[in-house]
Structures are given as C-alpha cells and as structure tokens.
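Analysis of the macromolecular model
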Amino acid sequence: MAIRQGLLALLSKGPRYGYQLRAEFEASTGATWPLNIGQVYTTLSRMERDGVVSPGEQDEQGRVVYSITEAGLAEMERWFGTPVAQSDRPRDELVIKLAMAVAAATDVRPIIQAQRTATMRTLQEFVRARHASAESPAQRLVLESMIFQAEAEQRWLDHCEAVLTASPRKQEKDS
C-alpha cells in the first residue's frame, strides 16, 4: 500500500495535521507499518505539489492542517477501485532464499526449520496482538491478514519440505 493513498484515505474523514495522520495510520494498521514523521511530511509536500491536498493556515502551535482536494478524492477512489496485482507486490525473500539454496545444492531442511520456528513465533505474536487490540475493525483486519499470511507460510514450508525430501527418492527410482 502506498503511504500517499493511505494518507488520502485518512484525510477523506476530515482535515488533519501530520502527527495526527501518522498516529491514525499506525493505529489503523495495528502499528504493523510504523511511519517516520519526516516521511509523512515529505509525502504531504509532494501531495500538495500534485494538487491532491491543500494546506490550511498554521495554528498557534505552528501545525499546518491539510485537507483533501477533489483531485485527492478522485485519486483515492481510483485506488480503492483498482485491485492490487500480484506483480505489484514486492518479491518474497524467503522464496528466493529457498530457491537459491536448492540451486546451490545446500541442505534446505535447516533453513526451513529455522524459518518455521520464526514464523510460528511471529504467528503467536500476531494472535496475542489481535486479542489485546482495541477491536478497531481496521486493526483487526490487518492483524488477521498477517495471521493468515503466517499460517499460509507454515503450510508452504511444509509443502517445500515434503517436495524436497521426496525429490531424492524420486530421482533414485528414475535411475
């Protein structure tokens, strides 16, 4: 998810200043995507340049409140209406690591076991966080997505192990 579109979504609820946007972004994502305040203000500056937000006057504390423009609303609606393509997601380092280990003829079992342990630990943390969260629907959805991804990773690791341990036996039968 682009930070820009996330900030536009938050601004669609009403004007906000940078620290509010940062706090609401992190709260909405269950603090799974921490933002640097400098990143927020840099993004707001670009958004102002592009005409999707407009700054208000500084308040007595020197904070500038930003509002979404019509162009910003249109961009947000396009973003919400456009599915995220699998090719738009970053590469999965774990997949690459296992593929390279196989290509290098390295024993992947210790790699898989180490990852399985780490993924299980992470899964448990996500489940605890979901139970401890303030039941915000946005936080809950983010945490549940992360739980499902960790569960899927565990299943994929099981599959990798089964395929890779069966491969030598299959090769022996074929010889």
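Description of the structure in this document. Just so it is clear, the structure is predicted and the values come from calculations on it, not from any experiment.

**Quick word on helix α4 (residues 70–81)**
For α4, spanning twelve residues, the distance from its first C-alpha to its last is 16 Å, which sits close to the expected 16 Å at 1.5 Å a residue. Of the positions making up α4, those classed as buried are G72, E75 and M76. Buried residues in α4, looked at end-on, bunch into an arc of 100 degrees, giving them a common side. Of the residues in α4, the exposed ones pointing more than 90 degrees away from the buried face are E70, R78 and G81. Taken together, the buried residues of α4 touch α1 (3–11) and β3 (64–68).

**Overview of the packing of α1 against helix α3 (residues 37–49)**
Running from amino to carboxyl end, α1 crosses α3 at an angle of 80 degrees, the nearest separation of the two axes being 10 Å. Considered as vectors, α1 and α3 are oriented roughly perpendicular to each other. Contact residues: I3, R4, L7, L8 and L11 in α1; Q39, V40, T43, L44, R46 and M47 in α3. A breakdown of the residues in the contact of α1 with α3 according to their chemical character gives seven nonpolar, two polar and two charged.

**Here we look at the sheet that holds β3**
Taking strand neighbours across the sheet as the criterion, the three strands line up as β1-β3-β2 in an open arrangement whose pairing is antiparallel. In the strand order of this sheet, the two ends are held by β1 (16–17) and β2 (53–58), each with one partner. Looking at chain direction, β2 and β3 are connected through four bridges and run antiparallel. Looking at β3, one finds that V53 is bridged to I68. Contacting β1, β2 and β3, α3 runs over the sheet at an angle of about 115 degrees to β2.

**Looking at the pattern of salt bridges**
A complete count under the given rule lists eleven salt bridges for this structure. A salt bridge links D59 to R63; its shortest N-O distance comes to 3.0 Å. Under the relative-accessibility criterion, D59 is labelled partly exposed at 22%. Look at R63 and you get partly exposed, because its relative accessible area is 25%.

**Topic: the environment of T106**
Within the fold, T106 resides in the loop between α5 (93–103) and α6 (109–132). For T106, a relative accessible area of 41% translates into the label partly exposed. Residue contacts for T106: discarding those within four places in its chain leaves A101 and I111.

**Topic: the packing of aromatic side chains**
Across all of its chains, the model carries two aromatic pairs by this definition. Arranged with centres 6.2 Å apart and planes meeting at 65 degrees, the rings of Y19 and Y41 form a pair that is edge-to-face. Pair noted here: Y19 is in helix α2 (residues 18–28) and Y41 is in helix α3, with a separation of 22 residues, a long-range link. Classification of Y19 by relative accessible area gives partly exposed; the value is 46%. For Y41, a relative accessible area of 28% puts it in the partly exposed group.

**Observations concerning the side chain of R116**
When you line up the elements, R116 lands in helix α6. With a relative accessible area of 15%, R116 lands in the buried category. A polar contact of 3.0 Å, which involves the side chain of R116, links it to the side chain of Q113. Excluding residues within four positions of it along the chain, R116 makes contact with Q154, L157, D158 and E161.

Cut-offs and rules
- Residues numbered from 1 in each chain as written.
- Predicted model: local features only at pLDDT ≥ 70, side-chain atom pairs only at ≥ 80, totals over all residues.
- Heavy atoms only, no water.
- Helix = DSSP H or I, 4+ residues; strand = E, 2+ residues; numbered from the N terminus.
- Expected span 1.5 Å × (residues − 1).
- Buried < 20%, exposed > 50% of the residue type's maximum accessible area, 1.4 Å probe, protein only.
- Arc of directions from axis to C-beta.
- Contact = heavy atoms within 4.5 Å.
- Axes fitted to C-alpha atoms, helices over the stretch in contact; angles between N-to-C directions.
- Parallel < 35°, antiparallel > 145°, perpendicular 65-115°, else oblique.
- Nonpolar A, V, L, I, M, F, W, Y, C, P; charged D, E, K, R; others polar.
- Pairing = 2+ DSSP bridges.
- Salt bridge = Lys/Arg side-chain N within 4 Å of Asp/Glu carboxyl O.
- Phe/Tyr/Trp six-rings, centres within 6.5 Å; stacked < 30°, edge-to-face > 60°.
- Polar contact = N/O pair within 3.5 Å; in protein donor to acceptor, adjacent residues only side chain to side chain.

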